[in-house]
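Each chain, letter by letter, is given below.
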Amino acid sequence: VQLQASGGGLVQAGGSLRLSCAASGGSFSSYGMGWFRQAPGKEREFVAGISWGGGRTNYADSVKGRFTISRDNSKNTVSLQMNSLKPEDTAVYYCAAGGPLSRVRNDYVYWGQGTQVTVSS
């Protein structure tokens, strides 16, 4: 499975961005999908996950209520709507495909190349 993330950019605090991840080359609807992020000097951390059918989601406490993950299996895409962005959300965001809904980085097998999100104060 190849994953291509897009939609990052520079936004002011309080603003919104929508990240998208397009999948190709595999059975997209068979995979749980996740978004992770990595800030400079920090470990890559879980942001949000969604089950293969889209019926279950999971969020990091730091983004709960502000971010929404969704997927469209007919288009092989997963999205992350990010609202009320904060400077601490600044990071490279990665989409990933793996097993059942998980918050664990090692449960994800396929990774996209990452897209930069910068939130200015």
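Throughout this description, residue numbers start from 1 for each chain and increase along the sequence as written. pLDDT decides what is reported in this predicted model: residues at 70 or higher carry local features, side-chain atom pairs at 80 or more are listed and counted, and totals for whole chains, interfaces and linings draw on all residues regardless. Heavy atoms from the whole structure form the basis of all side-chain values; hydrogens and water molecules are not counted.

Caption draft 1: Fine view of the nonpolar core. Among buried residues, those of type Ala, Val, Leu, Ile, Met, Phe, Trp, Tyr and Cys that are joined through side-chain atoms within 4.5 Å constitute a nonpolar core. Only protein chains enter the accessibility calculation, which uses a 1.4 Å probe. A residue is then buried if its area is under 20% of the maximum for its type, exposed if over 50%, and partly exposed in between. Ranked by size, the top nonpolar core spans 34 residues in total, and within it Trp35, Leu80, Met82 and Tyr93 carry the most contacts. The leading source of residues in this core is strand S9 (residues 91–98), at five residues. Any pair of residues with heavy atoms lying within 4.5 Å of one another is described as a contacting pair. Each residue touching Met82, except ones within four places of it in the same chain, is listed here: Gly15, Ser16, Leu17, Leu19, Arg66, Phe67, Tyr93 and Val117. The numbering of helices and of strands both runs from the N terminus, where a helix is a DSSP run of H or I of at least 4 residues and a strand a run of E of at least 2.

Caption draft 2: Examining the pattern of salt bridges more closely. In what follows, salt bridge is the name for a side-chain nitrogen of Lys or Arg lying within 4 Å of a carboxyl oxygen of Asp or Glu. Evaluation of the coordinates by the stated rule reveals four salt bridges. When the shortest N-O distance is used, the salt bridge between Asp61 and Lys64 registers 3.3 Å. Assessed through its relative accessible area of 64%, Asp61 is described here as exposed. For the salt bridge of Arg66 with Asp89, the shortest nitrogen-to-oxygen distance reads 2.8 Å. With a gap of 23 residues between them, Arg66 in the loop between strand S6 (57–59) and strand S7 (67–72) and Asp89 in the loop between strand S8 (77–82) and S9 connect regions that are remote in the sequence. Both residues of the pair, Arg66 and Asp89, count as buried. Residues joined by salt bridges that share partners form a network here, namely Arg37, Glu45, Arg66 and Asp89.

Caption draft 3: Seen up close, the sheet that holds S7. The pairing criterion for strands is at least two bridges between them, as found by DSSP. Read across the sheet, four strands follow the order S1-S3-S8-S7 without closing on themselves; strand pairing throughout is antiparallel. Strands at the two margins of the open sheet, each flanked by one partner only, are strand S1 (2–6) and S7. Shown here is a sheet whose adjacent strand axes are inclined to one another by a mean of 15°, direction ignored. In this structure, strand S3 (residues 17–24) lies alongside S8, joined through six bridges in antiparallel fashion. Across the sheet, residue Ala22 finds its bridge partner in S8, namely Thr77. Fitted lines through C-alpha atoms serve as axes, helices being fitted only where they are in contact, and the angles separating the N-to-C directions of these axes extend from 0 to 180 degrees.

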